[in-house]
Amino acid sequence: MARPHRFPNPALFICDIQEKFRPAIFEYGKVISTAQKMIRACNTLSIPVYATTQSASRLGPICSELNDPPLYTIDKTAFSMLVPELRYTLAERSQMPYQIAIVGIETHICVTQTALDLLSEGHRVYVLTDGVSSCNGGERVVALSRLRAEGAIVTSSESFLYECMGDANIPEFKAIAGLVKETKESTRDAVQTLCKM
């Protein structure tokens, strides 16, 4: 795909969407459905996807809905996703700054620390508000407000995808438009629930 100038080097980060957290996270099913949509879109647009787990030996693997086919996943104990292995992988792939979309949990801990680390290294960060959550839903609002003030772009998954494409004339547009149509109900539910600020 010929990348629009705004997105010469996009990537998707999936932060700690693990089975063990399913009963604890506010509207977790909506986070999973947004992550599924983003993975499919990234595969179509040839955008790399990086996932982490938090202490998988204790908290288990990434949710099965997201791991077929298996994602490139790094286990960590740090709260930020930007651990040395992932930092090395990004640098090996490209020396240019990335435009990174983040989905996952928890918004006020791992998502926030990941976004702050990425911003401090000169990357552009898009926090997809229909794809992030916390145990306490109210923590999301505080975290998203802080991240916006720190320079992250707080947006929706659909907005990010269309900005990534930039033009309806690219070959992948029809497939992405079809995916958006196919997932419109789950996207609407996620936006109406998770995008309230």
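Residues numbered from 1 in each chain as written. Predicted model: local features only at pLDDT ≥ 70, side-chain atom pairs only at ≥ 80, totals over all residues. Heavy atoms only, no water.

This part covers helix H3 (residues 84–93). Buried within H3 we find Leu-86, Thr-89 and Leu-90. Down the axis, H3 shows its buried residues gathered within 95° of arc, on one side only. Exposed and oriented more than 90 degrees from the buried face of H3 are Pro-84, Tyr-88 and Glu-92. Contact partners of the buried residues in H3: strand S1 (10–15), strand S2 (49–54) and strand S3 (73–76). (Buried < 20%, exposed > 50% of the residue type's maximum accessible area, 1.4 Å probe, protein only. Helix = DSSP H or I, 4+ residues; strand = E, 2+ residues; numbered from the N terminus. Arc of directions from axis to C-beta. Contact = heavy atoms within 4.5 Å.)

Attention now moves to the sheet that holds strand S4 (residues 99–105). Strand order in the open sheet made by the six strands is S3-S2-S1-S4-S5-S6, with parallel pairing throughout. Two strands bound the open sheet, and with one partner strand each, they are S3 and strand S6 (153–155). The mean angle between the axes of side-by-side strands here comes to 25°, regardless of whether they run parallel or antiparallel. Looking at chain direction, S4 and strand S5 (residues 124–133) are connected through six bridges and run parallel. Looking across to S5, one finds that Ile-100 is bridged to Val-125. Its contacts with the sheet place helix H5 (residues 137–150) against S5 and S6, and it is angled at close to 170° to S5. (Pairing = 2+ DSSP bridges. Axes fitted to C-alpha atoms, helices over the stretch in contact; angles between N-to-C directions.)

Bringing the pairing of S2 into the picture now. On any regular strand, side chains alternate: one points to one face of the sheet, the next to the other face. Counting buried positions along S2 gives six out of six residues, so the element sits mostly inside the fold. The pairing of S1 with S2 spans four bridges and is parallel. For Phe-13, the partnering residue across the bridge sits in S2 and is Tyr-50. Handedness of the β-α-β unit built from S1, helix H1 (residues 28–45) and S2 comes out right-handed. Inspection of the sheet shows S2 paired to S3 by four bridges, in the parallel sense. Looking at S3, one finds that Thr-52 is bridged to Ile-74. (Right-handed = clockwise from strand over helix to strand, strands pointing away.)

Counting residues in each nonpolar core, the largest one holds 37 residues, and the members touching the most others are Leu-12, Ile-14, Ile-17, Tyr-28, Leu-66, Leu-71 and Phe-160. Of all the elements in the fold, those that place two or more residues in this core are S1, H1, S2, S4, S5, helix H6 (157–165) and helix H7 (173–182). It is H1 that contributes the most residues to this core, nine residues altogether. Residues in contact with Leu-12, not counting those within four places in the same chain, are Met-38, Ile-39, Cys-42, Ile-47, Pro-48, Val-49, Tyr-50, Ala-101 and Val-103. Counting 24 residues, the second largest nonpolar core, distinct from the first, contains Phe-13, Met-81, Val-125 and Val-127. (Core = buried A, V, L, I, M, F, W, Y, C linked by side-chain atoms within 4.5 Å.)

With numbering aligned to this structure, UniProt lists the feature "domain: Isochorismatase-like" (unreviewed entry) at residues 11–158. The annotated region residues 11–158 carries 42% helix and 24% strand content, and the separation between its end C-alpha atoms amounts to 15 Å. (UniProt positions renumbered as here; feature names shortened; annotations may be inferred.)

Below, the discussion takes up the environment of Gln-95. Looking at where Gln-95 falls in the secondary structure, it is placed in the loop between H3 and S4. What makes Gln-95 exposed here is its relative accessible area of 71%. As a C-alpha pair, Gln-95 and Asn-9 span 86 residues in sequence and 9.8 Å in three-dimensional space. Within the local environment of Gln-95, its side chain forms a polar contact with the backbone oxygen of Ala-91, the two atoms lying 2.7 Å apart. (Polar contact = N/O pair within 3.5 Å; in protein donor to acceptor, adjacent residues only side chain to side chain.)

A full pass over the atoms with the stated rule returns six aromatic pairs. Ring geometry for Phe-13 and Tyr-50: centres 6.0 Å apart, planes at 85°, overall edge-to-face. Of this pair, Phe-13 sits in strand S1 while Tyr-50 is found in strand S2, placing the two residues 37 residues apart along the sequence. Using a relative accessible area of 5% as the deciding quantity, one classes Tyr-50 as buried. By way of ring pairs, the aromatic residues Phe-7, Tyr-126 and Phe-160 are connected into one cluster. (Phe/Tyr/Trp six-rings, centres within 6.5 Å; stacked < 30°, edge-to-face > 60°.)

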